[in-house]
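What follows is each chain in one-letter form.
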Amino acid sequence: MTSSTGLDIEPETSARLHPVAPRVPPAPPPREKPLGGIGLLKALRTNPITIWTRRHFEEPIVLRRTIIGPMCVVSDPGAIKHVLVDNAKNYRKGVLQTRVLRPGLGNGLLTAEGERWRGQRRALAPAFTPRLIEGFQPAMVSMAVRLIERWRALPDASPIDAAREMTHVTLEVLERTIFSDGLASEPASLAQAITRYLDTLGRVHPFDALDLPSWLPRFGRGNGRETLGIFDRAVETIIARRRELLARGEEAPRDLLTLLLEAQTTENGLAPDEVKANIATFIAAGHETTANTLSWSLFLLAFAPEWRERLEREIDEAQDDVKLGSSSLDRLVITKAVIEEALRLYPPAASITRQPIGEDEIAGHKVTSKTRVVISPWVLHRHRRLWNEPERFDPSRFLPDKRQRIDRFAYLPFGAGPRICIGAGFALQEAIIILAAITRHFRLDLSPGHEVRPVQRVTLRPQGGLPMILRRR
Ligand code: HEM
């Protein structure tokens, strides 16, 4: 960039020189110095995205000793490829992540390791082919229509909690696609149970961070276990009902549950406990992540009304309500770019952690089985070496002509390598359909006086919900 004096200056310097710096969406500022032991444990429990220092956003690799052991934060695309793809067999999921998630998700695809994971991934892959995902479009569209109808019944300019609304609609989509004949309990109470469960059990307890044995009581988790019970019982009832239906030889709906039960009967298929574990996994991994993607997209569009107008033009030109078929969704390039940019700035899975099985060298840095290897999409997507003006909301980065310039390993909302998100295509299709339907009929504004703050629990969400004003277009 050339200033009026003719000197070349960096974008950040130019922002400081201008009287009004460009507005950027909210994020905790990087720390100048790393947190000490107690501070780190506290931050891990309350909001892990606040632990990062300026160095993390500027250097490709930061290896440090911490109270929870050596931590290697990798933000170099080549080194990330080494960990997640080229030498993936030397890494297992981070102990912390598995400890936090396993009590609720059992040995499902997200938390299983080794042969058990491999077998499940093979058995489940056929349920997530592009053709089958496209087959879920009618269910997604009808849940989007139901949301629009619910909102139409409200007076214009009603205050809503957009985060809660998105949680509701994404759970309804999962209900329809996993078990099209319905859930055993009220979706709303199940949604509440899941959110509460992820909120309480999902917080990193200091004992887990310190790797203390699991028999030591973790105070403050009682509520999580209780809600987990509701979740567990609902899933068991649904599976039992469908098994009965299949046993009677009746025709079963072609939803994810039938696909899972069929996967159980194939050679090397799923074990009985793995069916339940994977239903819990799909609900937990699939609803809050997608809900947050939509919430952040709505927030960012209200934050940058020029982009909201561009999006409205695209949707209005598409004429009819979301048409089915991937080719018509492919035309919604601005819709997709907004979603991808929301996933860059506020990645729902804000950290991907790995534990080396044996010693390794990551871009010249030695790591051992004691090292926590962290690939943080939060850090990576805001890294100074990889992005131009990383804090700015600019969906044009993801428009078709520029999209291919983004390094595959600089943008990881869904991870990469063998453990890449199995539901990525499902989630993107769902987010496009719902955002397009909302934009067609409504415009959401920020609620005056409310400060939006990202907080990382298991997923990255707006703290305390997302109050917005719902207006008809
Ligand atoms: C925007 C929404 C979503 C985001 C951002 C997201 C993100 C991720 C990420 C980053 C991983 C890799 C974790 C790692 O490598 O440690 C992952 C794995 C996974 N995701 Fe998603 N996900 C989303 C939606 C979904 C949906 C809709 C489903 C299911 C219906 C799903 C199911 C899974 C499963 C089962 C895994 C584990 C895969 C394996 O280990 O083989 N996700 N997800």
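Structural data are supplied above this passage.
This text gives an overview of the structure that appears in the document. Not measured: the values here are computed from a predicted model.

Turning to the overall build of the chain, a few remarks are in order. Regarding its fold elements, the chain presents 20 helices and twelve strands. Evaluated residue by residue, the chain yields a buried proportion of 53% over its 473 residues. Long-range pairs, those at least 24 residues apart, make up 72% of the contacts in the chain between residues at least 6 apart in sequence. Accessible surface computed for the chain: about 21,200 Å², of which carbon and sulfur atoms make up 54%.

Before going further, it helps to spend a moment on the environment of Ala318. Inspection of the secondary structure assignment puts Ala318 in the loop between helix H15 (305-317) and helix H16 (326-330). Dropping the residues within four chain positions of it, Ala318 is found in contact with Arg331 and Leu332.

Let us now look at the coordination of the iron atom of the ligand. Within the protein, just one atom coordinates the iron atom of the ligand: Cys421 (SG), at a distance of 2.3 Å. Assignment of secondary structure puts Cys421 in the loop between helix H19 (400-403) and helix H20 (424-441).

The next thing to look at is the site of the ligand. Within the structure, the ligand sits among 28 residues, and Trp117, Arg121, Arg354, Arg419 and Cys421 are positioned closest to it. Between the ligand and Trp117 there is a distance of 2.7 Å, counted from an oxygen atom to a side-chain nitrogen or oxygen. The contact in question runs from an oxygen atom of the ligand to an N or O atom on the side chain of Arg419, over 2.9 Å. Counting residues per element, the ones that place at least two in the shell around the ligand are helix H6 (114-124), helix H14 (272-303), strand E5 (352-356) and H20. Top element by residues in the shell around the ligand is H14. It accounts for seven residues.

In this section: the pattern of salt bridges. Under the definition given, this model contains 26 salt bridges. For the salt bridge of Asp255 with Arg242, the shortest nitrogen-to-oxygen distance reads 2.8 Å. On the criterion of sequence distance, the pair formed by Asp255 in the loop between helix H12 (222-247) and helix H13 (256-265) and Arg242 in helix H12 is long-range, its members being 13 residues apart. As far as burial versus exposure is concerned, Asp255 and Arg242 are alike and both buried. For Glu341, the salt bridge is made with Arg344, and the minimal N-O distance between the two is 2.8 Å. Of this pair, Glu341 and Arg344 both sit in helix H17 (residues 333-345), separated by three residues, roughly a single helical turn. Accessibility assignment for this pair places Glu341 and Arg344 in one class, buried. Linked through salt bridges whose partners overlap, the residues forming this network are Glu312, Asp316, Arg440, Arg443 and Arg473.

Take the nonpolar core next. If you look at the biggest cluster of nonpolar residues, it comprises 104 residues, and the most contacted ones within it are Ile279, Ile438 and Leu444. A total of 13 residues in this core trace back to one element, the largest contributor, which is H14. The contact partners of Ile279, leaving out residues within four places of it in the chain, are Ile178, Phe179, Val235, Ile239, Leu257 and Leu260. Residues Cys72, Ala79, Val373 and Leu412 belong to the second largest nonpolar core, which totals 17 residues.

Moving on, we come to the environment of Arg116. With respect to the element layout, Arg116 can be found in helix H6. Taking the relative accessible area as the measure of exposure, Arg116 reaches 33% and is therefore partly exposed. Spatially, the C-alpha atoms of Arg116 and Glu274 are 9.6 Å apart, while their sequence positions differ by 158 residues. For Arg116, the contacting residues outside a window of four places in its chain are Asn107, Asp273 and Glu274.

As a further point, take the side chain of Glu312. Inspection of the secondary structure puts Glu312 in helix H15. Not counting chain neighbours up to four residues away, the residues in contact with Glu312 comprise Thr439, Arg443 and Arg473.

With that settled, consider the packing of aromatic side chains. Tallied over the full model, the rule gives ten aromatic pairs. Ring geometry for Trp296 and Tyr346: centres 3.9 Å apart, planes at 15 degrees, overall stacked. With Trp296 in helix H14 and Tyr346 in the loop between H17 and E5, the pair connects residues that are 50 residues apart, well separated along the chain. Across the pair, exposure class does not vary: Trp296 and Tyr346 are buried alike. Pairing Trp387 with Phe398 gives two aromatic rings, centres 6.4 Å apart and planes at 40 degrees, and the pair type is tilted. With a gap of eleven residues between them, Trp387 in the loop between helix H18 (377-380) and H19 and Phe398 in the loop between H18 and H19 connect regions that are remote in the sequence. Judged by its relative accessible area of 8%, Trp387 falls in the buried class. A network of ring pairs unites the aromatic residues Trp296, Phe299, Phe303, Tyr346 and Trp378 as a single cluster. Over the ring of Trp387 we find Arg344, and its NZ or CZ is 5.1 Å from the ring centre. Over the ring of Trp378 we find Arg382; its NZ or CZ atom is 4.1 Å from the centre of that ring.

Definitions and limits used
Residues numbered from 1 in each chain as written. Predicted model: local features only at pLDDT ≥ 70, side-chain atom pairs only at ≥ 80, totals over all residues. Heavy atoms only, no water. Helix = DSSP H or I, 4+ residues; strand = E, 2+ residues; numbered from the N terminus. Buried < 20%, exposed > 50% of the residue type's maximum accessible area, 1.4 Å probe, protein only. Contact = heavy atoms within 4.5 Å. Areas by Shrake-Rupley, 256 points an atom, 1.4 Å probe, with all protein chains shown as cover. Donors = N, O, S within 2.8 Å, 3.2 Å for Na, K, Ca; no water. Near = heavy atom within 4 Å. Polar contact = N/O pair within 3.5 Å; in protein donor to acceptor, adjacent residues only side chain to side chain. Salt bridge = Lys/Arg side-chain N within 4 Å of Asp/Glu carboxyl O. Core = buried A, V, L, I, M, F, W, Y, C linked by side-chain atoms within 4.5 Å. Phe/Tyr/Trp six-rings, centres within 6.5 Å; stacked < 30°, edge-to-face > 60°. Lys NZ or Arg CZ within 6 Å of the ring centre and 35° of its normal.

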